[in-house]
Amino acid sequence: MSEITVATRYAKSIIDLAQEQGIVPVIKADMDLFLKTLKGSPELVAVLANPIISHSKKVKILDEIFLNKVNKTTLAFFKLMVNKGRGEVLYFTAGEYINQYNVKNHITKANVTSATELSAANKAILIAELQQSIGGTVVLDAKVDPALIGGFVLTVGDRQVDTSIAASLKKLKKEFAVQA
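The following refers to the structure shown. Every residue gets a number counted from 1 within its own chain, in the order that chain's sequence is written. The model is predicted, so local features are restricted to residues of pLDDT at least 70 and side-chain atom pairs to those at 80 or more, both for listing and for counting; the totals for chains, interfaces and linings are taken over all residues. Think of the side-chain values as coming from all heavy atoms in the structure, minus any hydrogens and water.

### Points about the overall build of the protein chain
And then number 1: Helix and strand counts for the protein chain come out as eight helices and four strands.
And then number 2: Ordered by position from N to C terminus, the α and β elements of the protein chain give α-α-α-α-α-α-β-α-β-β-β-α.
And then number 3: The atom set for the radius of gyration is the C-alpha atoms, and the globule formula is 2.2 Å times the number of residues raised to the power 0.38. The C-alpha atoms of the protein chain give 21 Å as radius of gyration, which overshoots the globular expectation for 180 residues (16 Å, by more than 25%).
And then number 4: Summarising its shape, the C-alpha atoms of the protein chain cover approximately 65 × 35 × 30 Å along the three principal directions.
And then number 5: Type-normalised accessible area, obtained with a 1.4 Å probe on protein chains alone, sets the label of each residue: buried when under 20%, exposed when over 50%, and partly exposed for intermediate values. Within the protein chain, the fraction of its 180 residues that count as buried is 32%.
And then number 6: Residue contacts are defined here by distance: any two heavy atoms, one from each residue, within 4.5 Å place the two residues in contact. For the protein chain, the share of sequence-separated contacts (at least 6 apart) that also reach a separation of at least 24 residues comes to 65%.
And then number 7: Of the accessible surface of the protein chain, which amounts to about 11,100 Å², a share of 57% is contributed by carbon and sulfur atoms.
And then number 8: Counting 22 positive and 17 negative side-chain charges, the protein chain places the averaged centre of each group 3 Å from the other. Only DSSP runs of H or I with at least four residues qualify as helices, and only runs of E with at least two residues qualify as strands; both kinds are numbered from the N terminus onward. Here, Shrake-Rupley sampling with a 1.4 Å probe gives the accessible areas, and only protein chains in the shown set may cover a residue. Note on charges: Lys and Arg go in the positive column, Asp and Glu in the negative column, and His and the chain ends are not counted at all. For the purpose of locating charges, the reference atoms are NZ of Lys, CZ of Arg, CG of Asp and CD of Glu.

This is the structure we're talking about:
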């Protein structure tokens with residue numbers, strides 16, 4: 001079974017448990033912290049995925065890192081996963097928990113890359129227009145790429161709008177190449 005399939009099942013289980021306990025947002029914050037920690041520590045990812053390292057040692061490491069930083073249910077879930085030999089899918093499970101949380105709460109992630117930094121007013125306008133068109137809440141991740149020359153590239157789910165000057169120039173170049 002693929003890691004994503006397994007992670008999806010475990011994420012559904014923990015989100016169901018969190019709903020029963022009324023702590024869904026708390027667990028979501030814990031999963032955000034867990035993902036941030038793993039992204040900052042490739043060593044921890046390697047330890048969790050390593051079958052040679054004992055389960056008890058992995059549990060001890062998780063305890064030392066997360067004991068007073070996450071909810072007891074979250075920590076118990078991490079330990080359960082490790083003890084079942086599923087430490088390598090914890091990263092994917094945390095990501096899938098966040099995805100399922102976002103779906104249940106109608107939260108959509110959008111990415112915008114622009115040639116220059118967007119002002120707070122422009123971000124607010126973009127978020128408002130996206131929320132009006134797709135419904136729900138939009139979380140916008142803004143990046144800067146000077147190679148775009150001007151304009152922006154907006155990605156929401158599997159849709160992309162490219163209004164960059166670089167894309168327009170590339171399109172013109174193709175058209176001239178075809179005509180020549």
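### Some points on the packing of helix α3 (residues 42–49) against helix α4 (residues 55–66)
And then number 1: Interaxial angles span 0 to 180 degrees and are taken between N-to-C directions of axes, which are lines fitted to C-alpha atoms, for helices over the stretch in contact. Orientation of α3 relative to α4, taken along the N-to-C sense of each, is 145°, at an axis distance of 10 Å. The way α3 lies across α4 gives a crossing that is left-handed. Contacts from Leu44, Val47, Leu48 and Ala49 in α3 reach Lys58, Ile61, Leu62 and Ile65 in α4.
And then number 2: Charged residues are taken to be Asp, Glu, Lys and Arg, nonpolar residues to be Ala, Val, Leu, Ile, Met, Phe, Trp, Tyr, Cys and Pro, and polar residues to be all remaining types, Gly included. Here the contact of α3 with α4 is built from residues that sort into seven nonpolar, no polar and one charged. Should the near helix be turned anticlockwise from the far one by less than a right angle, the crossing is termed left-handed; should it be turned clockwise, right-handed.

### Remarks on unusual backbone geometry
And then number 1: Of note in the backbone geometry, His106 takes a positive phi value of approximately 55° without being a glycine.
And then number 2: Inspection of the secondary structure puts His106 in the loop between α6 (90–104) and β1 (107–114).
And then number 3: Phi is positive for Ile149, close to 70°, though the residue is something other than glycine.
And then number 4: By secondary structure assignment, the location of Ile149 is in the loop between β2 (137–144) and β3 (152–156).

### Things to note about the layout of surface pockets
And then number 1: There is about 250 Å³ of room inside the largest pocket.
And then number 2: Leu35, Lys39, Gly95, Ile98 and Lys109 are, among the 13 residues lining the largest pocket, the residues nearest its centre.
And then number 3: Those elements that provide at least two residues to the lining of the largest pocket are α2 (24–40) and α6.
And then number 4: When residues in the lining of the largest pocket are grouped by element, the largest group, six residues, is from α6.
And then number 5: Taken as a whole, the second largest pocket spans an internal volume of roughly 150 Å³.
And then number 6: In this structure, the second largest pocket is lined by Leu130, Ser133, Ile134, Leu154, Val156, Gly157, Asp158, Arg159, Gln160 and Val161.
And then number 7: Of all elements in the fold, only α7 (120–134), β3 and β4 (159–162) reach the threshold of two or more residues within the lining of the second largest pocket.
And then number 8: Each residue belonging to the lining of the second largest pocket can be placed in one class, and the counts come to five nonpolar, three polar and two charged. Lining residues are those with an atom within 4 Å of a point, where the points come from a 1 Å grid over the protein atoms alone and group into cavities, where a 1.4 Å probe fits but cannot get out, or pockets, open sets with protein on both sides within 12 Å along at least five of seven lines. Grid points are joined across faces, edges and corners, and a volume is the space filled by probe spheres set on the points.

### Concerning a nonpolar patch on the surface
And then number 1: Only residues whose relative accessible area exceeds 30% and that take part in no salt bridge are eligible for patches, with like-charged residues grouped when within 9 Å of each other and nonpolar side chains (Val, Leu, Ile, Met, Phe, Trp, Tyr) grouped when within 5 Å. Any carboxyl oxygen of Asp or Glu that lies within 4 Å of a side-chain nitrogen of Lys or Arg is treated as forming a salt bridge with it. A contiguous nonpolar surface patch, about 490 Å² in accessible area, is contributed by Ile149, Ile165, Leu169, Leu172 and Phe176.
And then number 2: In this fold, Ile165 is placed in helix α8 (residues 165–179).
And then number 3: Residue class for Ile165 comes out partly exposed when judged on its relative accessible area of 39%.

### Side note on α2
And then number 1: Each residue after the first adds 1.5 Å to the expected span of a helix. Compared with an ideal rise of 1.5 Å per residue, which puts 17 residues at 24 Å, α2 spans 24 Å between its outermost C-alpha atoms and is within 8% of the ideal.
And then number 2: Along α2, the positions that sit buried rather than exposed are Val24, Ile27, Lys28, Asp30, Met31, Phe34, Leu35 and Leu38. Down the axis, α2 shows its buried residues gathered within 160° of arc, on one side only. Residues Lys36 and Gly40 are exposed on α2 and point more than 90 degrees away from its buried face.
And then number 3: Turning to α2, the residues buried within the fold contact α1 (3–21), α3, α4, α5 (72–83) and α6. Here, the arc refers to the directions that run from the helix axis to the C-beta atoms.

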